[in-house]
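This is what each chain is made of:
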Amino acid sequence: MSSNAEIRAAARDALRGQWGMAVLVAFVYMAITAAIGSIPVVKNIGPLLLGGPLAFGLYAYFLHVVRGNRPEFGVMFSGFQKFVPTLALYLLQAIFVLLWMLLLIVPGIIAALRYSMSYFILLENPGLSPLDAIRQSKEMMQGHKMQLFLLQLSFIGWALLCVLTLGIGLLWLVPYMQTSMAAFYERLKSA
């Protein structure tokens with residue numbers, strides 16, 4: 001397995017020449033999620049219904065980027081073509097992580113790391129049930145949760161800088177983090 005520095009470098013290389021579209025995808029994703037959360041009528045149910053398909057599309061877009069493709073903007077909405085499985089995956093992940101969080105925060109974080117590859121797995125195996133994608137993610141992450149945790153933690157300095165830019169920096173941080181996650185998945189899959 002590659003080091004986190006190599007994974008981040010691979011993400012930067014993959015984004016070279018694609019930052020513009022990646023920033024646009026991040027902007028639209030954040031705008032949609034913010035809009036859904038701010039509409040009084042749908043703010044409680046909207047994120048539950050649209051969270052899975054939007055997350056799936058985001059994962060799909062950046063996995064294409066890591067693989068050296070130049071994905072079209074529409075890939076971001078590919079989760080809506082698989083609405084029921086992506087919704088089910090989103091809800092199952094949320095329920096499982098919440099149940100682990102009831103024990104303490106640390107088991108919840110471990111559960112979130114354990115299930116973090118589920119969208120990538122579902123993307124590559126469209127016939128797989130959401131529960132099976134979660135199971136495969138759990139198996140895949142055995143022995144790798146700490147590395148993923150440290151990879152995500154390595155972005156904390158960038159996140160603090162985003163606060164100083166009133167969130168504008170997130171337009172670049174989100175693609176960098178998502179591409180790093182996709183690079184992590186690619187290395188983990190081939191390990």
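This write-up is about the structure you can find in this document. (Residues numbered from 1 in each chain as written. Predicted model: local features only at pLDDT ≥ 70, side-chain atom pairs only at ≥ 80, totals over all residues. Heavy atoms only, no water.)

### A closer look at helix 5 (residues 105–114)
No. 1: Within helix 5, burial applies to Pro-107, Gly-108, Ala-111, Leu-113 and Arg-114.
No. 2: Buried residues along helix 5 sit in contact with helix 4 (83–103), helix 7 (130–140) and helix 8 (145–153). (Buried < 20%, exposed > 50% of the residue type's maximum accessible area, 1.4 Å probe, protein only. Helix = DSSP H or I, 4+ residues; strand = E, 2+ residues; numbered from the N terminus. Contact = heavy atoms within 4.5 Å.)

### With respect to the packing of helix 2 (residues 19–38) against helix 10 (residues 170–190)
No. 1: Remark: helix 2 packs on helix 10, axes separated minimally by 8 Å, with the N-to-C direction vectors making an angle of 105 degrees. Judged by the angle between their axes, helix 2 and helix 10 are roughly perpendicular. Residues Trp-19, Ala-22, Val-23, Ala-26, Phe-27 and Met-30 of helix 2 lie in contact with helix 10, whose contacting residues are Leu-170, Leu-171, Trp-172, Val-174, Pro-175 and Tyr-176.
No. 2: Grouping the constituent residues of the contact of helix 2 with helix 10 by class yields 12 nonpolar, no polar and no charged. (Axes fitted to C-alpha atoms, helices over the stretch in contact; angles between N-to-C directions. Parallel < 35°, antiparallel > 145°, perpendicular 65-115°, else oblique. Nonpolar A, V, L, I, M, F, W, Y, C, P; charged D, E, K, R; others polar.)

### Quick word on the pattern of salt bridges
No. 1: Throughout the structure, instances matching the rule amount to six salt bridges.
No. 2: Residue Arg-67 is joined to Glu-124 by a salt bridge in which the shortest nitrogen-to-oxygen separation is 2.2 Å. With Arg-67 in the loop between helix 3 (46–66) and helix 4 and Glu-124 in helix 6 (residues 118–124), this residue pair connects regions lying 57 residues apart in the sequence.
No. 3: Note that Lys-189 and Glu-124 form a salt bridge whose closest N and O atoms lie 3.2 Å from each other. Taken together, the positions of Lys-189 in helix 10 and Glu-124 in helix 6 put the pair 65 residues apart, joining distant regions of the chain.
No. 4: With a relative accessible area of 37%, Lys-189 lands in the partly exposed category.
No. 5: When its relative accessible area of 28% is taken as the criterion, Glu-124 is described as partly exposed.
No. 6: Bridged by salt links that share partners, the residues Arg-67, Glu-124, Glu-186 and Lys-189 form one connected network. (Salt bridge = Lys/Arg side-chain N within 4 Å of Asp/Glu carboxyl O.)

### A look at unusual backbone geometry
Residues apart from glycine generally show negative phi values, whereas peptide bonds are mostly found in trans.
No. 1: We note that Leu-166 has phi near 60 degrees; this positive angle belongs to a residue other than glycine.
No. 2: Along the chain, the position of Leu-166 falls in the loop between helix 9 (156–164) and helix 10.
No. 3: The class for Leu-166 is exposed, based on a relative accessible area of 78%.

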